[in-house]
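Close look at the chain arrangement
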Amino acid sequence: MRAAIPFVLVAVLGCGGGNTGKPVQTGGEKSDEGTSASGAKMPGDCVDPASDGDRHDSTRPFDKHVQPDVRDEDLDGDGVVDAFVKPGWACGDSCNRSVYVMRGTCGHYVGSFPSTDKFESVETKSNGLKDLSTRPRRHEDDNQMHCYQVILKFDGTEYKPSKKRECECKDEGAKCTAWDE
């Protein structure tokens, strides 16, 4: 005679289920999943930034993956550090990064941008998120390296460039031209 084997159903809760509307803990404050403490609604589904980041880097070699970029940026002011991912491979001057606003262990994708390691949030905000100052570099048609400072603003869905200027390609004290609007 065969013994009965009990059947156990295990529910796994986590990222990937989209906005359920249930409150989640975010930095000591409760808010709806995907909504910031300032009331800004975050776009997209709840995802794991490290695995989702591969989808947003068109320069990624097929056998390589993105990795977490250690930052202490809180873009929406909810007291929770938001996530950035960067290439886990040598990308030279054409490195892309992706940014996610965090709700517990869930990330909401809010954009990708090219930049050297010198990027940061600034005090001005757009649609509930701090603007980003980035430093992309690229070889142009004149076969020379060109360096820029670009300000990205959150349009409610994604970070988009709002203004840029060319700068000297120096790490410290680079002089820049006037802003292009």
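The preceding data block contains the structure.
Parameters at a glance
- Numbering of residues begins from 1 in every chain and follows the order in which that chain's sequence is written.
- In view of the model being predicted, local features appear only for residues whose pLDDT reaches at least 70, and side-chain atom pairs are presented and counted only at 80 or more, with totals across whole chains, interfaces and linings using the full set of residues.
- Each side-chain value is worked out from all heavy atoms of the structure, with water and hydrogens disregarded.
- Strands are runs of DSSP state E lasting at least 2 residues, helices are runs of H or I lasting at least 4, and numbering of each runs from the N terminus.
- Think of it in three bands: with a 1.4 Å probe and only protein chains considered, a residue is buried below 20% of the maximum accessible area for its type, exposed above 50%, and partly exposed in between.
- Whether two residues touch is decided by their heavy atoms; if any such pair falls within 4.5 Å, the residues are in contact.
- Only a pair of cysteine sulfur atoms within 2.5 Å qualifies as a disulfide here.
- Any Lys or Arg side-chain nitrogen found within 4 Å of a carboxyl oxygen on Asp or Glu counts as a salt bridge.
- At least two DSSP bridges between two strands are needed for those strands to be called paired.
- What counts as an axis is a line fitted to C-alpha atoms, over the stretch in contact for a helix, and the angles between N-to-C directions run from 0 to 180 degrees.

For Thr134, the location among the structural elements is in strand β8 (residues 129-134). A relative accessible area of 1% places Thr134 in the buried class. If near-sequence neighbours (up to four positions away) are discounted, Thr134 is found in contact with Phe113, Pro114, Ser115, Lys118, Phe119, Tyr148, Gln149, Val150 and Leu152.

A separate point is the environment of Leu129. By the element assignment, Leu129 lies in strand β8. Separated by 28 residues in the primary sequence, Leu129 and Val101 place their C-alpha atoms 9.0 Å from one another. Beyond its immediate chain neighbours, meaning those up to four positions away, Leu129 contacts Met42, Leu75, Asp76, Val101, Val110, Thr124, Phe154 and Tyr159.

The tally for this structure, following the rule as stated, stands at 3 disulfides. Note that Cys46 is cross-linked by a disulfide to Cys106, the S-S spacing being 2.0 Å. Because the torsion about its S-S bond is -75°, the bridge between Cys46 and Cys106 counts as left-handed. Taken together, the positions of Cys46 in the loop between β2 (29-32) and α1 (49-52) and Cys106 in strand β6 (residues 106-114) put the pair 60 residues apart, joining distant regions of the chain.

Scanning the entire structure with this criterion turns up 9 salt bridges. Note that Arg97 is salt-bridged to Asp69, the shortest N-O span being 3.4 Å. Within this pair, whereas Arg97 is found in strand β5 (residues 96-103), its partner Asp69 is found in strand β3 (residues 66-69), the two being separated by 28 residues in sequence. Judged by its relative accessible area of 9%, Asp69 is buried. Where Lys118 meets Glu172, a salt bridge forms, and the shortest distance between an N and an O atom there is 3.3 Å. Of this pair, Lys118 sits in the loop between β6 and β7 (120-126) while Glu172 sits in the segment after β11 (159-167); the two residues are 54 residues apart in sequence, bridging distant segments of the chain.

Moving on to the sheet that holds β6. With antiparallel pairing, the 4 strands of this open sheet are ordered in space as β3-β4-β5-β6. The outermost strands of the open sheet, each flanked by one partner alone, are β3 and β6. Between one strand axis and the next, the sheet turns through 30° on average, direction left out of account. Pairing of β5 with β6, which is carried by 8 bridges, proceeds in the antiparallel orientation. The residue of β6 that forms the bridge with Tyr100 is Tyr109.

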